[in-house]
Amino acid sequence: MLEPQTGAGRADELPAHGGDLALARRAFPAAPQPWLDLSTGVNPYAYPFRAPPPEALTRLPEPQALAELEAAARAAFGAPASVAVVAGAGTQALISWLPRLLRARRAAVLGFSYAEHALAFARAGAEVETAARIDELEDFDAAVVVNPNNPDGRMVDPQRLAALAARLARKGATLIVDEAFADFGGRDASLAPLMPPAGAVVLRSFGKAYGLPGLRLGFALCGAELAARLRAALGPWPVAGPALDIARQAYGDADWLAATGRRLAGAAAALDALLAEAGLAAAGRAPLFRLVEARNAEEIFERLARAGIWTRRFAQKPGWLRLAIPEGEEERVRLREALRTGPL
């Protein structure tokens, strides 16, 4: 079943994204400080980077540094040499540009998902719909699959995505796979190692997995022709010097990624147990978040907000509430106490 894709609701209903603590403070001025922000799905264990050298701030970024970062990212993602890797100032910048470059007349997004893809295609003049099943995506000029999906963690097998990309490529269409939450799933969970030379784009985010979203860094993996147009659109110096230096460090540190994945799994299991204590079960999951479905989700959201805990809700899914993984026991105690305040 196909439905119109309308985004995340009106701006006066709910915030379009997580992390807006200024809005939280305005809406709940009596909430205790500091706020515990569980609204964004960002790794609470930030990469322990070495401070960039002063010239990362005092000089313009060198093209060679950008090329080195893209090579490090290619190796980390396991992408073949035939695929171009384009770095930009956050995945969101790439999401905004791709519909303008692809010039699709009709686009579809698989399932209820991250709203910015639909909004970007609509702003580029495309007719945008939501597909309930992956096979419906073959009828469009551009198709988007967020994998793992945000906010419910749904996964589509990369082999199936590779086959879909090949079918779309034969008719000049493009599959975009947003893998913003894929880093802790391993290469078997990614389309990157299976990328065809054309017909597919894989988006990867740096800030979520490495806990450094303020660096604003993301990547598009795609064919050479689209990569050239994307580089031209982004212009010179698409990534800041400190981001180039820090991300090169992080992508060369596979041991940290593996150890942090194990640490996150333990913290997520502790969150699952905490939610179960409160009579709540995870309706969706990914390494960096849990999705709760409850008839009184709005009441739970407001209760947590009054306790200074900011979570993510969705205008089109009023029974859903997404929580990031708390960092440690102190944050879990605060969440547990807030959930215990009266019956759910």
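Refer to the structure above for everything that follows.
Residues numbered from 1 in each chain as written. Predicted model: local features only at pLDDT ≥ 70, side-chain atom pairs only at ≥ 80, totals over all residues. Heavy atoms only, no water.

When you go through the chain residue by residue, the secondary structure sums to twelve helices and 14 strands. The dimensions of the chain, computed from C-alpha atoms along their principal axes, are 60 × 55 × 35 Å. Looking at the chain as a whole, 52% of its 344 residues are labelled buried. Counting only contacts in the chain whose residues sit at least 6 apart along the sequence, the fraction spanning at least 24 positions is 74%. (Helix = DSSP H or I, 4+ residues; strand = E, 2+ residues; numbered from the N terminus. Buried < 20%, exposed > 50% of the residue type's maximum accessible area, 1.4 Å probe, protein only. Contact = heavy atoms within 4.5 Å.)

Moving on: the pairing of strand E3 (residues 84–88). In terms of residue burial, E3 counts as a mostly covered element, since five of its five residues are buried. On E3, burial covers both faces: Ala84, Val86 and Gly88 on one face and Val85 and Ala87 on the other are all buried. As defined by bridge partners, E3 adjoins strand E9 (residues 218–222) across five bridges and the pair is classed as antiparallel. In the strand pairing of E9, Val86 is matched with Ala220. (Pairing = 2+ DSSP bridges.)

Moving on, we come to the packing of aromatic side chains. As enumerated under the stated definition, the model contains 16 aromatic pairs in all. Ring centres of Trp35 and Trp310 lie 5.7 Å apart, and the angle between their planes is 85 degrees; this geometry places the pair in the edge-to-face category. Taken together, the positions of Trp35 in the loop between helix H1 (21–27) and strand E2 (36–37) and Trp310 in strand E12 (residues 309–310) put the pair 275 residues apart, joining distant regions of the chain. Judged by its relative accessible area of 9%, Trp35 falls in the buried class. Seen in terms of ring centroids, Phe219 and Tyr251 are 5.7 Å apart; in terms of plane orientation they differ by 65 degrees. Their pairing is edge-to-face. Pair noted here: Phe219 is in strand E9 and Tyr251 is in helix H9 (residues 241–251), with a separation of 32 residues, a long-range link. Taking the relative accessible area as the measure of exposure, Phe219 reaches 0% and is therefore buried. Residue Tyr251 is classed as buried on the basis of its relative accessible area of 8%. (Phe/Tyr/Trp six-rings, centres within 6.5 Å; stacked < 30°, edge-to-face > 60°.)

This part covers the pattern of salt bridges. This model, assessed by the stated rule, comprises 20 salt bridges. One salt bridge connects Arg248 with Glu68, and the closest N-O pair in it is separated by 3.9 Å. Of this pair, Arg248 sits in helix H9 while Glu68 sits in helix H3 (residues 63–77); the two residues are 180 residues apart in sequence, bridging distant segments of the chain. We classify Arg248 as partly exposed; its relative accessible area is 26%. For Glu68, a relative accessible area of 36% puts it in the partly exposed group. (Salt bridge = Lys/Arg side-chain N within 4 Å of Asp/Glu carboxyl O.)

It is worth spelling out the nonpolar core at this point. Burial of nonpolar side chains together is a common tendency in soluble globular proteins. In this structure, Leu137, Leu175, Tyr210, Phe219, Leu221, Tyr251 and Leu335 are the most contacted members of the largest nonpolar core, which totals 85 residues. In terms of residue count, helix H10 (residues 254–277) provides more of this core than any other element does, eight residues in total. For Leu137, the residues in contact, after removing those within four places along its chain, are Ala108, Val109, Leu110, Ala131, Ala143, Val145, Leu164 and Leu168. One finds Leu98, Val144, Val146 and Ala227 within the second-largest nonpolar core, a separate group that totals 26 residues. (Core = buried A, V, L, I, M, F, W, Y, C linked by side-chain atoms within 4.5 Å.)

This brings us to the side chain of Ser39. Position of Ser39 relative to the elements: it lies in the loop between E2 and helix H2 (55–58). Within polar-contact distance, the side chain of Ser39 engages the backbone nitrogen of Gly19 at 2.6 Å. If sequence neighbours within four positions are ignored, Ser39 has contacts with Gly18, Gly19, Trp310, Thr311, Arg312 and Arg322. (Polar contact = N/O pair within 3.5 Å; in protein donor to acceptor, adjacent residues only side chain to side chain.)

Their axes nearest at 10 Å, the elements helix H4 (residues 91–102) and helix H8 (residues 224–234) cross at an angle of 120 degrees. Looking at the two axes, H4 sits oblique to H8. Viewed along their axes, H4 and H8 form a crossing whose handedness is right-handed. For the pair H4 and H8, contact is made by Leu94, Trp97, Leu98, Leu101 and Leu102 and by Leu226, Arg229, Leu230, Ala233 and Leu234, respectively. Classifying every residue of the contact of H4 with H8 gives nine nonpolar, no polar and one charged. (Axes fitted to C-alpha atoms, helices over the stretch in contact; angles between N-to-C directions. Parallel < 35°, antiparallel > 145°, perpendicular 65-115°, else oblique. Left-handed = near helix turned anticlockwise from the far one by under 90°. Nonpolar A, V, L, I, M, F, W, Y, C, P; charged D, E, K, R; others polar.)

We now examine the sheet that holds strand E13 (residues 312–314). Strand order in the open sheet made by the four strands is E10-E11-E14-E13, with antiparallel pairing throughout. A single partner strand is all that each edge strand has here, and the edge strands are strand E10 (282–286) and E13. Taking the axes of each pair of neighbouring strands and ignoring which way they run, one obtains an average angle of 20 degrees across the sheet. Where strand E11 (residues 289–293) lies against strand E14 (residues 317–324), five bridges are found, and the strand directions are antiparallel. What sits directly across from Phe289, in E14, is Ala324.

Since there are 3.6 residues in each turn of an α-helix, residues three or four apart along the chain are aligned in direction. Within helix H11 (residues 297–306), burial applies to Ala297, Ile300, Phe301, Arg303, Leu304 and Ala305. Positioned one or two residues after H11, Gly308 has a phi angle of 80 degrees, which is positive.

Below, the discussion takes up the pairing of strand E5 (residues 127–131). For E5, the buried fraction is high: four of the five residues fall into the buried class. One ladder, built from five bridges, connects strand E4 (residues 106–110) with E5; its direction is parallel. The residue of E5 that forms the bridge with Val109 is Thr130.

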